[in-house]
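Chain and residue survey
Listed below, chain by chain, are the residues.
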Amino acid sequence: MSASRPVRDGLFRDCGDGTARLLGARCADCARYHFPRAEVCPYCSCDSCSAADLGPRGRLWLYTAVLRPPPGYRGVVPFGFGVVDLEEGVRIVARLTEGDPARLRSGQPMLLVVEHLHDDDGTRVETYAFAAAEEG
Ligand SMILES: [Zn+2]
């Protein structure tokens, strides 16, 4: 695999098997998870959250297709974009690997995966996206 870097540090980790985990946190007081990772809980303001990896499984809630490339984007269009509810109870807005909305449905199982794109200067970068997964 050629060298690539995360599109941004501190958001996710590549598990090496094609899947990714989001770098989130869990509150010691209210026990809720959040993303991105922060020391202070966004729900109860408790300041003793601990690091927790989130994913890779979730269910698709909302979705659409992006038909025109955003500025600087060199990847294919259309690409999918949607909202996925992770098993940990965190709702994530993210890229979808499926660009045809007719092949998606609400409630569909999704898997968090690593996706390779290119930065503005052509540098290969990796990011996370959700791919349709098998039921169960
Ligand atoms: Zn909390």
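Below you will find a few notes about this structure. Keep in mind that this is a model prediction, so the values were computed, not measured.

Bringing the overall build of the protein chain into the picture now. Each helix and strand in the protein chain was counted, giving zero helices and ten strands. Helices and strands appear in the protein chain in the N-to-C order β-β-β-β-β-β-β-β-β-β. The C-alpha atoms of the protein chain give 16 Å as radius of gyration, which agrees with the globular expectation for 136 residues (14 Å, within 12%). When its C-alpha atoms are laid out on the principal axes, the protein chain stretches across 45 × 35 × 30 Å. Considering the protein chain as a whole, with its 136 residues, one finds that 24% of them fall into the buried category. Summarising the internal contacts of the protein chain: among those between residues at least 6 apart in sequence, 49% fall at separations of at least 24.

Turning next to the nonpolar core. Side chains of nonpolar character tend, in soluble globular proteins, to be buried together. Within the largest apolar cluster, 18 residues are counted, with the highest numbers of intra-cluster contacts made by Leu 22, Val 84, Leu 112, Tyr 128 and Phe 130. Where this core is concerned, the elements lending two or more residues are β3 (20-27), β7 (79-86), β8 (91-96), β9 (109-118) and β10 (124-132). The contact partners of Tyr 128, leaving out residues within four places of it in the chain, are Phe 12, Ala 20, Leu 22, Ala 94, Leu 112, Val 114 and Glu 115.

With omega at -5 degrees, the peptide bond leading from Phe 35 into Pro 36 counts as cis. Among the secondary structure elements, Pro 36 is positioned in the loop between β4 (33-34) and β5 (49-54). Residue Gly 55 is joined to Pro 56 through a cis peptide bond whose omega torsion reads 15 degrees. Looking at the element boundaries, Pro 56 is found in the loop between β5 and β6 (57-66). Even without a glycine there, the phi angle at Ala 31 is positive, about 70 degrees. Overall, the presence of 12 C-beta atoms within 10 Å leaves Ala 31 in the exposed class. The phi angle at Ser 45 is positive, at roughly 70 degrees, despite the residue not being glycine. Its place among the elements puts Ser 45 in the loop between β4 and β5.

What follows concerns the pairing of β7. Pairing of β6 with β7, which is carried by eight bridges, proceeds in the antiparallel orientation. When the bridges of β7 are listed, Ala 65 appears paired with Gly 80. Both β7 and β8 contribute to a ladder of six bridges, which runs antiparallel. The residue bridging Gly 82 from the neighbouring strand is Ala 94, located in β8. Hairpin connection from β7 to β8: four residues lie between these consecutive antiparallel strands, with Gly 89 at a positive phi of about 90 degrees.

Reading the values: the criteria
Residues numbered from 1 in each chain as written. Predicted model: local features only at pLDDT ≥ 70, side-chain atom pairs only at ≥ 80, totals over all residues. Helix = DSSP H or I, 4+ residues; strand = E, 2+ residues; numbered from the N terminus. Rg over C-alpha atoms; globule rule 2.2 N^0.38 Å. Buried ≥ 20, exposed ≤ 12 C-beta atoms within 10 Å, placed from the backbone. Contact = placed C-beta atoms within 7 Å. Core = buried A, V, L, I, M, F, W, Y, C linked by C-beta atoms within 7 Å. Pairing = 2+ DSSP bridges.

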